[in-house]
Amino acid sequence: LEQPRKSVVLLGSGAGGNVAFSALLRLRSQGTYMPAATVLISPVLDLSNAFESVEKNRDKDFVQNPEGIEFMARMALGGEDEEGVELASPAFHDHIALAPVAYVWDKNEITSDAVAYSWDAARKIGVRNMHVQREGLFHQYALYFDLLPEAAMDMQKVKDFSLNLLQSHEENNEK
């Protein structure tokens, strides 16, 4: 990241949420600049399908399925590598010193428990964050903010969260 660290907001949805969260972990491990915030919309944070919601929500989530996540993991990692799957599952990693994170997801997604686990881990150690959890919508519903009033309301909250962080940095730089 060549931009001043607090002028960047990472955003990822679905598998892109995994990439955005993994980027945070990489930036932290390199000791480099962290973005002002990261926005995760229905992120796939567990490629191992280890959480209960995978089976519990199998019939409720009409967008994702466990086999699709397993396929995605194999494609991303180039084969059957259980250790690699865990490494590529950011929900299981240390959340200390992460940039602020906004989580947006629906409770009926098969990945719901992994997102809730990640949000709770960040919250417990004091990572500044916000979350919006709906029930009865669908995977990546928030991307349909121009069609769904709930999505528009939730994305406004995310926008306010992100802009507040960016504005705080600008004010700190003026001092």
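What counts and how
Residues numbered from 1 in each chain as written. Predicted model: local features only at pLDDT ≥ 70, side-chain atom pairs only at ≥ 80, totals over all residues. Heavy atoms only, no water. Helix = DSSP H or I, 4+ residues; strand = E, 2+ residues; numbered from the N terminus. Buried < 20%, exposed > 50% of the residue type's maximum accessible area, 1.4 Å probe, protein only. Contact = heavy atoms within 4.5 Å. Areas by Shrake-Rupley, 256 points an atom, 1.4 Å probe, with all protein chains shown as cover. Patch = residues over 30% accessible without salt bridge, like charges linked within 9 Å, V, L, I, M, F, W, Y side chains within 5 Å. Salt bridge = Lys/Arg side-chain N within 4 Å of Asp/Glu carboxyl O. Pairing = 2+ DSSP bridges. Axes fitted to C-alpha atoms, helices over the stretch in contact; angles between N-to-C directions. Phe/Tyr/Trp six-rings, centres within 6.5 Å; stacked < 30°, edge-to-face > 60°. Lys NZ or Arg CZ within 6 Å of the ring centre and 35° of its normal. Core = buried A, V, L, I, M, F, W, Y, C linked by side-chain atoms within 4.5 Å. Right-handed = clockwise from strand over helix to strand, strands pointing away.

What the protein chain contains, in helices and strands, is 6 helices and 4 strands. Reading the helices (α) and strands (β) of the protein chain from amino to carboxyl end gives β-α-β-α-α-α-β-α-β-α. Within the protein chain, buried positions represent 46% of all 175 residues. For the protein chain, the proportion of contacts with a sequence separation of at least 24, taken over those separated by at least 6, is 75%. Counting only carbon and sulfur atoms, one obtains 50% of the accessible surface of the protein chain, whose full area is about 9400 Å².

On the surface, Leu-143, Tyr-144 and Leu-147 cluster together to form a nonpolar patch covering roughly 300 Å² of accessible area. Along the chain, Leu-147 falls in the loop between β4 (129-134) and α6 (149-174). Given the relative accessible area of 64%, Leu-147 is considered exposed.

This part is about the sheet that holds strand β1 (residues 9-13). One open sheet accounts for 4 strands, arranged β1-β2-β3-β4; its pairing is parallel. This sheet does not close on itself; its edge strands, each paired only once, are β1 and β4. On average, adjacent strands in this sheet sit at an angle of 10 degrees to one another, irrespective of strand direction. Strands β1, β2 (37-41) and β3 (101-106) of the sheet are contacted by helix α1 (residues 15-30), whose axis makes an angle of about 145 degrees with β1. Each of β3 and β4 touches helix α5 (residues 112-124); the most contacted strand, β3, lies at about 155 degrees to it.

This part is about the packing of aromatic side chains. Each aromatic ring pair is specified by the distance between its two centres and by the angle formed by the two planes. One pass over the full model with this rule turns up 5 aromatic pairs. Arranged with centres 5.6 Å apart and planes meeting at 10 degrees, the rings of Phe-51 and Phe-92 form a pair that is stacked. In this pair, Phe-51 is assigned in the loop between β2 and α2 (53-56) and Phe-92 in the loop between α4 (82-87) and β3, connecting sequence segments 41 residues apart. Seen in terms of ring centroids, Phe-62 and Phe-138 are 5.8 Å apart; in terms of plane orientation they differ by 45 degrees. Their pairing is tilted. With Phe-62 in the loop between α2 and α3 (66-77) and Phe-138 in the loop between β4 and α6, this residue pair connects regions lying 76 residues apart in the sequence. A network of ring pairs unites the aromatic residues Phe-51, Phe-92 and Tyr-117 as a single cluster. Lying over the aromatic face of Trp-119, Arg-123 brings its terminal NZ or CZ to 5.4 Å of the ring centre.

Note on placement: Asp-154 falls in helix α6. Apart from residues no more than four positions distant in its own chain, Asp-154 is found in contact with Val-132, Arg-134 and Tyr-141.

On to the nonpolar core, then. Of all hydrophobic cores here, the largest spans 22 residues; its most connected members are Phe-21, Leu-24, Met-34, Leu-40, Leu-98 and Tyr-103. Among the elements that make up this core, the one with the highest residue count is α1 (5 residues). In this structure, Phe-21 is in contact with Leu-40, Leu-45, Pro-90, His-95, Leu-98, Tyr-103 and Ser-118, ignoring residues within four places of it in sequence. Counting residues in hydrophobic clusters, the runner-up holds 16 residues, among them Ala-37, Met-130, Leu-148 and Val-158.

On any regular strand, side chains alternate: one points to one face of the sheet, the next to the other face. Bridge analysis of β3 against β4 gives 6 bridges, and the strand direction is parallel. Residue pairing in the sheet places Tyr-103 in a bridge with His-131 of β4. Each parallel crossover has a hand, and for β3 linked through α5 to β4 it is right-handed.

A side chain with one charge can pair with a side chain of the opposite charge if their charged atoms come near. Scanning the model with the defined rule gives 6 salt bridges in all. Residues Lys-56 and Asp-113 are paired through a salt bridge, measuring 4.0 Å at the closest nitrogen-oxygen approach. Remark: Asp-113 occurs in helix α5 and Lys-56 occurs in helix α2; sequence separation between them is 57 residues. Given the relative accessible area of 43%, Lys-56 is considered partly exposed. A salt bridge links Arg-123 to Asp-120; its shortest N-O distance comes to 2.4 Å. Taken together, the residues span about one helical turn, with Arg-123 and Asp-120 both in helix α5 at a distance of 3 residues.

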